Amino acid sequence: MAKARDWQELSQLTRGSPLIVERVRLTDSDIAIEGAFELPQLARLALEDQIFIAAFVKSHGSIKEMEQVFGVSYPTIKNRLNRIASSLEFVEVVPEPSAEKRGVSAQQDVLARLKRGELTAADAVKELEALK
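In this text the structure is predicted, and so the values were computed from the model without any measurement. (Residues numbered from 1 in each chain as written. Predicted model: local features only at pLDDT ≥ 70, side-chain atom pairs only at ≥ 80, totals over all residues. Heavy atoms only, no water.)

> Break down unusual backbone geometry for me, citing the residues and quoting the values.
Of note, the phi angle at H60 is positive, near 60°, even though the residue is not glycine. Examined against the element boundaries, H60 turns out to sit in the loop between α3 (47–58) and α4 (63–70). (Helix = DSSP H or I, 4+ residues; strand = E, 2+ residues; numbered from the N terminus.)

Here is the structure:
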């Protein structure tokens with residue numbers, strides 16, 4: 001089996017051009033999956049930005065530590081983080097209001113979720129029993 005190419009080599013070959021992965025092979029078996037797969041957002045960042053984000057996570061988000069590692073000022077770190085963040089799409093999660101806030105009883109809420117297929121019958125029974 002040929003040695004897998006490292007991510008940095010792939011980044012150098014593509015020179016930042018968008019790419020689609022068409023074949024994925026599981027390393028522990030001979031199973032391969034073919035199709036058109038987009039890379040995750042972080043993998044689409046420039047190599048330098050990937051390194052920057054990895055360092056940020058490794059430093060537990062400490063901008064002070066990032067200043068020391070990269071030898072730049074606080075505003076420089078913040079500007080780079082803002083630039084990277086603006087290139088990423090974030091999923092906004094808006095919590096669903098509770099049953100009481102929607103004006104329905106907890107039992108009605110369980111039954112409505114069961115009807116929408118969000119719960120199995122067994123889970124609905126468990127939740128209804130817990131409400132007693």
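> An account of the packing of aromatic side chains is needed here, citing residue identities and associated values.
Under the definition given, this model contains one aromatic pair. A centroid spacing of 5.2 Å and a plane angle of 45° characterise the contact between F52 and F70, whose relative ring orientation is tilted. Taken as a pair, F52 in helix α3 and F70 in helix α4 lie far apart in primary sequence, 18 residues in all. (Phe/Tyr/Trp six-rings, centres within 6.5 Å; stacked < 30°, edge-to-face > 60°.)

> Before we move on, could you go through the pattern of salt bridges and cite the residues and values that matter?
Opposite charge on two side chains permits pairing when their charged atoms draw close. Applying the stated criterion across every chain yields a total of seven salt bridges. One salt bridge connects E34 with R23, and the closest N-O pair in it is separated by 3.3 Å. Placement of E34 in strand β2 (residues 32–38) and of R23 in strand β1 (residues 20–25) is noted, with a sequence separation of 11 residues between them. For E34, a relative accessible area of 61% corresponds to the exposed category. (Salt bridge = Lys/Arg side-chain N within 4 Å of Asp/Glu carboxyl O. Buried < 20%, exposed > 50% of the residue type's maximum accessible area, 1.4 Å probe, protein only.)

> How would you explain the environment of M66 if you had to name every residue and give the values?
Within the secondary structure, M66 sits in helix α4. In contact with M66, not counting residues within four places along its chain, are F52, A55, F56, S59, G71 and I77. (Contact = heavy atoms within 4.5 Å.)

> Tell me what's going on with the pairing of β1, and back it up with residues and numbers.
As judged from the five bridges shared by β1 and β2, these two strands associate in the antiparallel manner. Note that in β2 the partner of V24 across the bridge is I33. The antiparallel pairing of β1 with β2 creates a hairpin that spans six residues between the two strands. (Pairing = 2+ DSSP bridges.)

Any functional reading would require information beyond the geometric quantities listed.
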